[in-house]
Structure formats: structure tokens, C-alpha cells
Amino acid sequence: MDHFELRGGALHCEGVPLEAIAAAVGTPVYVYSTATMVRHARVMMEAVSGCGSGAPLVAYAVKANPNAAVLKTLGDAGLGADVVSIGEYRRARAARIAAERIVFSGVGKTAEEMGEALAGGLLQFNVESIEEARMLSAVATAQGREAPIGFRINPDVAAGTHAKITTGTADNKFGIPAAEALGAYGEAAGLPGLAVRGITVHIGSQLTSLDPLEQAFERLGELIGALRRQGHSISVADLGGGLGVPHGPGQPEPPSPAAYGTMVRRVTATWDTRLLFEPGRLIVGNAGVLLTRVVRVKPGARDPWLIVDAGMNDLMRPALYDAYHRIEAVRPTGHRSTVNVVGPVCESGDTFTMGREMDEVSEGDLIVFRTAGAYGATLANSYNSRPLTPEVLVDGQRWALVRRRVDVDALAAVQDLAWENPAD
Ligand code: LLP
């Protein structure tokens, strides 16, 4: 459920007409609904409440939408943070998310990143290789601190999602193969500066079936048993994120958070571990739209080209993953037409959809791409010297510009040419 709806013939985000935001900020612009993201956070927390031993922690995957106002909203709603870089760690702390509610994931953490997060405090590093554990051991020892860790297991399970957002098969770079886990825990237990107490898994994103998740969790459960038999005490299991969100009629309907919670409760019943979760898309995906204006309608060989002022640089998901985004007119007339929707970027990949039947619109009209709150603005870039897309947060009747448009002058201002070693 979301809070984008037609009122008086025009699409609103909560109490604010999108036309008003476009008039004030210009387009393209991302618009987020506070009520929607807070609701999703509550639904997720409720779905997993009572799972595992001790209070479960829902650590929002910051990568999905790292806007400071979004993080503040979600932190205040009771979420922790799953971060994958020191930049995300700093953003989570700046949003006042407590250190003991932050987990640090990712295959390529540098010694500098480890050092800063360890000194600043965190719940746990999710370590993805024994090589990483050795580096963290050295960093922790140098600081005279103990780093809490869990190993990420690669369960070799096909997630049934797009190949580029699948993370838990043997062909992916993530985690330690299950067969090597006992060896890794054995070595890490002997490394100074590490407190080995967790285990974690994340198999992919936009999952529309619980089966691969259940399979992965079953494997994790077996490993927890095997590790305990070897004398390791595993007190935390982080089940990652990945639950898909609905993209609208005709698209695969993902399982509900409640169904996910029921499955987790069943599979983990005997684990006797605290459970962590790392949802990203589920919390913010349907809490955001990308609002854009039709620049021109150009005749095409088959269907007309609807050229909008948002491009693949603003919303990369269709170009990267052939992702489907529902497209709606901000002021629908009731008429429909079949069009190709494309951006202004000089690449054929700058195509949002081909041959889509949608609300009929003309030059100058506003449309939205739905389900753009996750992996939208955060993946945006300035390709073709286009500005970085602004972001607006709506809360009831009020709204705020929470990232201003970073225009071409601002982008140019960080460029320079000052030679080092200007020898002769
Ligand atoms: N935890 C870990 C370790 C992750 O790698 C991810 C996402 C998540 C949690 C959150 O997954 P979620 O609940 O959002 O599915 N850019 C792609 C998605 C990439 C996901 C990367 N990892 C897209 O636009 O579909």
C-alpha cells in the first residue's frame, strides 16, 4: 500500500499535488512519501516481531535510498542500518542511528573503512572471506579493540530474480561457500581482535518467491548446528534482505512480509539466535516516484516516442535490469495510447519501455514512474552532463526539498587541472 493517489483528477503524494512540486522544483524530481515508508517499516517490524531469541533488529539497507531525510525518518521509526561503505556508515550515524543498530556488509571493505567503523562502533561486521577476517583482525589488534563479526555464507541457491541482482550462487563474488565455512570459523576463532558470533546470508533482491529464501535459511540452520558442534557459539543470524515489492497489475506478486515472517518463524524456531534483517526495497521502493515531464512526442516506425525529461541517468533500473516501472499520468484523461517512453540521453539504452499501453499524454504533461523510491536516486548520475536529480520528501500537507538539484555548474566546480610534478 502506498500514499500516491488521485484527488480531484490529479495525482497527489499524501496531501500534496505532484503538480505543485513540479512547479516549485522543476522536473525530473524524486518524490517520497513519509507515511508510506514509515508504514512499510512498521509492517516489516511487526512481521518479524517475536522471531528468534531477543529482540529482532530490522537494519534498513541504506544503499536502497541513502537520502539523509529518509534515513532520519526510518531511524526515528525504529530501524537500524545495514551499510556497505564508510560513506553509508557516516550517513547512518549522522541520522542518529545508534552504533549498536548498524551492521557493515560488503566484499571490499578497506582497512581504513574497517578502522573508522570499529572506532565509531557497530553491532557487527558481516565478513565475506577469510582474507577479510585477517585484515580486520590486524586493524582491531592495532586499535586494541575487539571486532564483532559474522561470516556471510554463500549457500549456492538460485534466487529466481534477475542475474545482476542475484548474490547467493557459486558464481557470485559474495560470501564464503558453505563447504568452507567450518574452516573459516576455525581459523577466525584463533585470530586476535575478533569476536566471532554471527552468521549471515543474502541471496538477491526483488525475490518474488519464499522458496529460495527458505532453502538458504535451512542451509544456514544446518551450519549453525555444525558450528556449535565444533564449539563455536553463534548468537546472531542475519537473514539479509531481498523480499520483492509489487510493481502493479500484470507483474509478479511477491509474498507479503507477514508470510515471510511466518516462514522465518518456522525455519528458525530451534536456532536460539537473535535475528537481524536487512530489507531495503521493501521499505522504500513503493514510497517513491520519479516525476518527469513530456518534452516531446515524436512519431515512431511503430509507436510514437514519448520523450521525457528524465533519462537513464536519473533512473537506471530499466537500462540495467530491464526493470518494469508502472507509468502514470499525473492528470489522466481516461484515454489510453500505446507508446515508447524514452529519455533524452544519447544511448538507445535510454529506453524506459517499448510498446506500453498507458495513460494518453501530450507534450508538457507530467507523468510518474512508480516504485522508484529504492535504487532510483541513489543510482543516478550526471551522464551527458545532466544535473543530479533533486529529491522531495512529503509528510502530510507539507513537503521539503531534501536534495537540491546538483547542476552542471556545481559538477564542473569540482573539476580542475593542476599538474603534480610539473618538472621541466
Ligand atoms: N543486504 C545486502 C547484503 C545486500 O546486498 C542488499 C542489496 C540488501 C541487503 C537489500 O536488498 P533489498 O531488500 O533491497 O532487495 N540496484 C538493484 C538492487 C541491488 C541490491 C543490492 N543488494 C535494483 O535496482 O534492483
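Residues numbered from 1 in each chain as written. Predicted model: local features only at pLDDT ≥ 70, side-chain atom pairs only at ≥ 80, totals over all residues.

### Notes on the overall build of the protein chain
Within the protein chain one finds 12 helices and 21 strands. Relative to a compact globule of 424 residues, whose C-alpha radius of gyration would be 22 Å, the protein chain shows 23 Å and is just as compact. For the C-alpha atoms alone, the extent of the protein chain along its principal axes is close to 70 × 70 × 40 Å. Counting over 424 residues, the protein chain shows a buried share of 49%. Intrachain contacts of the protein chain at a sequence separation of at least 6 include 70% that bridge at least 24 residues. (Helix = DSSP H or I, 4+ residues; strand = E, 2+ residues; numbered from the N terminus. Rg over C-alpha atoms; globule rule 2.2 N^0.38 Å. Buried ≥ 20, exposed ≤ 12 C-beta atoms within 10 Å, placed from the backbone. Contact = placed C-beta atoms within 7 Å.)

### Overview of the environment of Arg386
With respect to the helices and strands, Arg386 occurs in the loop between β19 (366-369) and β20 (391-395). Overall, Arg386 belongs to the buried group, with 22 C-beta atoms counted inside 10 Å. A sequence separation of 96 residues divides Arg386 from Leu290, and the C-alpha atoms of the two residues are 16 Å apart. Residue contacts for Arg386: discarding those within four places in its chain leaves Gly311 and Asn313.

### Section: the UniProt feature "binding site: pyridoxal 5'-phosphate" (unreviewed entry) in the protein chain
Listed under "binding site: pyridoxal 5'-phosphate" (unreviewed entry) in the UniProt record, and renumbered for this structure, are Gly242, Glu278, Pro279, Gly280, Arg281 and Tyr375. The class of Gly280 is buried, set by 22 C-beta atoms lying within 10 Å. Once residues within four sequence positions are removed from consideration, Gly280 is found in contact with Tyr60, Ala61, Lys63, Ala64, Gly241 and Ala374. Those residues in contact with Tyr375 that lie beyond four places of it in its chain are Ala64, Arg281 and Arg317. (UniProt positions renumbered as here; feature names shortened; annotations may be inferred.)

### Structural notes on the site of the ligand
In the neighbourhood of the ligand, 21 residues make up the surrounding shell, with Ala61, Ser205, Gly241, Gly280 and Tyr375 lying closest. Residue assignment for the shell around the ligand shows that the elements contributing at least two residues are α10 (281-284) and α11 (317-321). Of the residues assigned to the shell around the ligand, the class counts are eight nonpolar, nine polar and four charged. Counting contributing residues per domain, the shell around the ligand is built from domain 1 (4-32 + 285-413) and domain 2 (34-280), each supplying no fewer than three. (Near = placed C-beta within 6 Å. Nonpolar A, V, L, I, M, F, W, Y, C, P; charged D, E, K, R; others polar. Domains from an automatic or database assignment.)

### Some points on the pairing of strand β2 (residues 10-13)
As paired strands, strand β1 (residues 4-7) and β2 are joined by four bridges and run antiparallel to one another. What sits directly across from Leu6, in β2, is Leu11. Adjacent in sequence and paired antiparallel, β1 and β2 are bridged by two residues, among which Gly8 carries a positive phi angle near 55 degrees. Direction of pairing for β2 relative to strand β3 (residues 16-17): antiparallel, over a ladder of two bridges. Each bridged residue has a counterpart across the sheet, and for Cys13 the counterpart in β3 is Val16. With antiparallel pairing between neighbouring strands as the criterion, β2 and β3 make up a hairpin whose turn holds two residues, including Glu14 at a positive phi of roughly 50 degrees. (Pairing = 2+ DSSP bridges.)

### A word on the packing of helix α7 (residues 178-189) against helix α8 (residues 211-229)
The contact between α7 and α8 brings their axes to 11 Å, and the two run at 30 degrees. Crossing handedness for the pair α7 and α8: right-handed. Contacts between α7 and α8 involve Ala178, Ala181, Leu182 and Tyr185 from the first element and Arg219, Leu223, Ala226 and Leu227 from the second. Taken together, the residues of the contact of α7 with α8 break down into seven nonpolar, no polar and one charged. (Axes fitted to C-alpha atoms, helices over the stretch in contact; angles between N-to-C directions. Left-handed = near helix turned anticlockwise from the far one by under 90°.)

### Side note on the domain arrangement of the protein chain
You can read the domains of the protein chain as domain 1 (4-32 + 285-413) and domain 2 (34-280). Here the C-alpha centre of domain 2 lies 32 Å away from the C-alpha centre of domain 1. Of the residues lining the interface, 23 residues belong to domain 1; the matching set on domain 2 comes to 21 residues. Of all the elements in the fold, those that place two or more residues in the side of domain 1 that touches domain 2 are α11, β20 and β21 (398-403).

### Considerations on the pairing of strand β11 (residues 194-200)
Burial of β11 is extensive: five of the seven residues sit out of reach of the surface. Direction of pairing for β11 relative to strand β12 (residues 236-238): parallel, over a ladder of three bridges. In the sheet register, Ile199 faces β12, and the bridge partner there is Ala237.

### A word on the nonpolar core
Of all hydrophobic cores here, the largest spans 118 residues; its most connected members are Val31, Ile102 and Leu136. Looking at this core element by element, the count peaks at six residues for α8. Looking at this core, you find at least three residues from each of domain 1 (4-32 + 285-413) and domain 2 (34-280). (Core = buried A, V, L, I, M, F, W, Y, C linked by C-beta atoms within 7 Å.)

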